[in-house]
Every structure is written in structure tokens, then in C-alpha cells.
Amino acid sequence: MKLSGRRTSSNIDDRRGQRGGGITGGGAGKFGIGTIVIMAIVFFMGGNPLDYIGLGGGGSPAPATQTAPVDPDNLPGGNVNEAGSYANIVGVTLGSTEEVWGTLFPQQYGRQYQQPVLTLFNGQAQSGCGFASAATGPFYCPADSKVYIDLSFADQLRQRFGAPGDFALAYVVAHEVGHHVQNLLGYSQIVSRARGRTSEEESNALSVRLELQADYLAGVWSKYANQQDQLLEPGDIGEAIDAATAIGDDRLQMEAQGYVVPESFTHGTSQQRVDAFTSGYQSGDASKEALDRFFSAREL
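Just so it is clear, the model here is predicted, and its values are computed rather than measured.

Some thoughts on the overall build of the chain
Consideration 1: Counting its secondary structure elements, the chain contains eleven helices and eight strands.
Consideration 2: Every one of the 300 residues in the chain was classed for burial, and the buried ones make up 52%.
Consideration 3: Sequence separation of at least 24 residues holds for 76% of the intrachain contacts in the chain that already meet a minimum separation of 6.
Consideration 4: Surface exposure of the chain reaches about 12800 Å², of which carbon and sulfur atoms provide 49%.

Below, the structure is given as C-alpha cells:
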């Protein structure tokens, strides 16, 4: 990515350098090592770890928080304005999504785009959807319209999943912003209601379609970000494809247990995720008709 001199979003809630106090009602103290490991597996398999610990639906009391004596220019993941740092990649990407969706929303949907806030944290944070830890991984919370990222995930992406590069992280941010777009357009709510009328297997299939749509939206952003601002460099799309491949359900299940269970997929296979992203990137079609193709009338 061409990061030098780029605008970073002002919608960054930087909580790094803070440390949480006790979590009321048990909180983090009740989570053993086994629970944290399972939460990590749940995330990388495509689920919401907050659901696993019973906090995915509506939040819990906020932890007491106090600021630790941390140099703001030496935060984990780097400073938002330090070109090339993880924090800068996230800030530039979020700023670019604001510009792209700020243009596309009036054109395609006849309304203004409501920008999300992105929270950077290290270790733990409280969200509108419940308690989040580093093991939770990046996620979007519709309850407060925020994206949450512990930047240690970027190291996981590079070291564990073999998907290095600034645009691999940008793809993850754009995917989570894609969930925000879905929330604004009503797809998230429609799918949530449909899940209540279906079996677990059918509900998982709907989750896959929603996640693939978010990958598609990340691809749409990539196309317009490059057209409007020449953000991409050679190899960037390959980095996004590597990341999408690394976190496909089939690949993660095979690595975790040595076999795959397709009916339990919630994000889609590696190939499906790559296809969705590249389709969005190649077409740039953000129309309601294009997004509707991820679902059938029967399913919704």
C-alpha cells in the first residue's frame, strides 16, 4: 500500500496503553488457558468468541480502566501517524473506506454513509457486544457500530497463517467495515431473523453467505480505493488473497482437527472467500442487485 502522506481516519478510538481493572461478575478472571485457546479457535473457524463465553448478545458491565504509563509514540503496533506501522495501516485503510463508501452510498443507495469507529486495544477491551480479549480477534459489533482490533492479530496473520504484508491487514479491516455496511443496509438484521427460523446447518449456511458478502464488499472497496486514490501497489491484491486463503473454514478445520465438516462452516472455504473478494474487486459493483445475489428469497 502507498501509505506515506495518506490521511488517517479521525474515527480511531485508541485504547492501547490502557489496562483494565477487574471485570465485574467474574469477567476475565473466569477464563482459563483452555477457554482462551478455544476462543481463538472459534474466531479462526469463523465464529464469534463472545458468543462462546456468553457475551455476544448485549454487553456486560464495563471494566474499571486506568491509563498505564505508556509512551504514546511507542505503543504496541506503532503510532497511527507512523507510516507503515500496523496502526497506520489500519488508520489509512479506515480513512479510505470512509471516502469510498461515502461516495458509493449516495450513488447506490440514496443515503449518506454513517462512518464506524474503530477501536484499537491491546490485551482486553469492553465492547457493546461484551468483553473482548486479544484471543477474540478482529470483529464488528453492531450494538455500538464499532470495529475492534488488537494489533497483535497482524503478527498472527503473518507468523501463524503465512499471510504477511500491509494489504493483508487492510483486507481484514475492509472485511469488518463490510459488516458495518451490511448493518447499515439491513442485511445483518434480515439474516439474524432468518436464523431464528432455520436449523443449525441452514443458519451456518446463511452465516457463510453474510461473510462472503463482506469479503465481496472488501473487494469493492479495494477497486475504488485504487481508482480514486491509487492506494494499491503491485502485489497488494495477492496479499489479500493469501489472507483470505489462510482463514477459510476448510483450511482452518483441517489444520485444527485433520478433517473438515462442511455443514459447520460459518465463513466459507478458502476458495469461496478468494472468489468473493476477487469478484468484488474485478466488478466494483456495489448495487443492491449485486449484493442481493448472495442470498435467495427462500433463505431470507
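Past the structure itself, the notes keep going.
Details of the packing of helix 5 (residues 166-185) against helix 7 (residues 200-229)
Consideration 1: The N-to-C vectors of helix 5 and helix 7 enclose an angle of 115°; their axes lie 8 Å apart at closest approach. In this structure, the crossing between helix 5 and helix 7 has a hand that is right-handed. Along the contact surface, helix 5 presents F167, A170, Y171, A174, H175, G178, H179, V181 and Q182, while helix 7 presents L210, E211, Q213, A214, D215, L217, A218, W221 and S222.
Consideration 2: For the contact of helix 5 with helix 7, the residue count by class is ten nonpolar, six polar and two charged.

Looking at the packing of helix 7 against helix 10 (residues 270-283)
Consideration 1: Between helix 7 and helix 10, the shortest axis-to-axis distance is 6 Å and the interhelical angle comes to 35°. Every pair of crossing elements has a handedness; the one defined by helix 7 and helix 10 is right-handed. Contacts between helix 7 and helix 10 involve V208, L212, D215, Y216, A218, G219, V220, S222 and K223 from the first element and Q272, R273, A276, F277, S279, G280, Y281, Q282 and S283 from the second.
Consideration 2: Considered class by class, the residues forming the contact of helix 7 with helix 10 number eight nonpolar, seven polar and three charged.

Looking at helix 7
Consideration 1: A rise of 1.5 Å per residue sets the reference length of helix 7, with its 30 residues, at 44 Å; its end C-alpha atoms lie 43 Å apart and thus fit the reference within 8%.
Consideration 2: Of the residues one or two after helix 7, Q230 is the one with positive phi, at around 45°.

A closer look at the nonpolar core
A general feature of soluble globular proteins is that nonpolar side chains tend to end up buried together.
Consideration 1: Core analysis: the largest hydrophobic core is formed by 70 residues, its most contacted members being W101, L118, F167, Y171 and W221.
Consideration 2: Ignoring anything within four residues of it in the chain, the contact list for W221 reads T93, S96, T97, V100, W101, F167, A170, A174 and L231.
Consideration 3: Counting seven residues, the second-largest nonpolar core is a separate cluster that includes F121, C129, A132 and Y148.

Let's talk about the sheet that holds strand 1 (residues 12-14)
Consideration 1: Taking strand neighbours across the sheet as the criterion, the four strands line up as 1-4-8-7 in an open arrangement whose pairing is mixed. Unpaired on one side and paired on the other, strand 1 and strand 7 (139-141) mark the two borders of the sheet. Strand-to-strand, the axes of this sheet are offset by a mean angle of 25°, without reference to chain direction.
Consideration 2: Bridge count for strand 4 (residues 117-121) against strand 8 (residues 146-150) is five bridges, and the pairing is parallel. Bridge assignment links L118 to a residue of strand 8, and that residue is V147.
Consideration 3: Helix 5 rests against strand 4, strand 7 and strand 8 of the sheet, and its axis sits at about 25° to strand 7.

Concerning the environment of Y113
Consideration 1: Checked against the element boundaries, Y113 lands in the loop between helix 3 (86-109) and strand 4.
Consideration 2: Between the C-alpha atoms of Y113 and E99, which are 14 residues apart in sequence, the distance is 9.5 Å.
Consideration 3: Apart from the residues lying within four places of it in its own chain, the contact partners of Y113 are T97, E98, W101, G102, F105, V177, H180, V181 and L184.

As for the pairing of strand 6 (residues 130-133)
Consideration 1: Sheet topology places strand 5 (residues 124-127) next to strand 6; four bridges connect them, and they run antiparallel. Residue pairing for strand 6: Q124 is matched across the bridge by S133.
Consideration 2: Where strand 5 hands over to strand 6, the hairpin turn is made up of two residues, counted between the paired strands.

How each quantity is defined
- Residues numbered from 1 in each chain as written.
- Predicted model: local features only at pLDDT ≥ 70, side-chain atom pairs only at ≥ 80, totals over all residues.
- Heavy atoms only, no water.
- Helix = DSSP H or I, 4+ residues; strand = E, 2+ residues; numbered from the N terminus.
- Buried < 20%, exposed > 50% of the residue type's maximum accessible area, 1.4 Å probe, protein only.
- Contact = heavy atoms within 4.5 Å.
- Areas by Shrake-Rupley, 256 points an atom, 1.4 Å probe, with all protein chains shown as cover.
- Axes fitted to C-alpha atoms, helices over the stretch in contact; angles between N-to-C directions.
- Left-handed = near helix turned anticlockwise from the far one by under 90°.
- Nonpolar A, V, L, I, M, F, W, Y, C, P; charged D, E, K, R; others polar.
- Expected span 1.5 Å × (residues − 1).
- Core = buried A, V, L, I, M, F, W, Y, C linked by side-chain atoms within 4.5 Å.
- Pairing = 2+ DSSP bridges.

Just distances and angles here, no functional claims.
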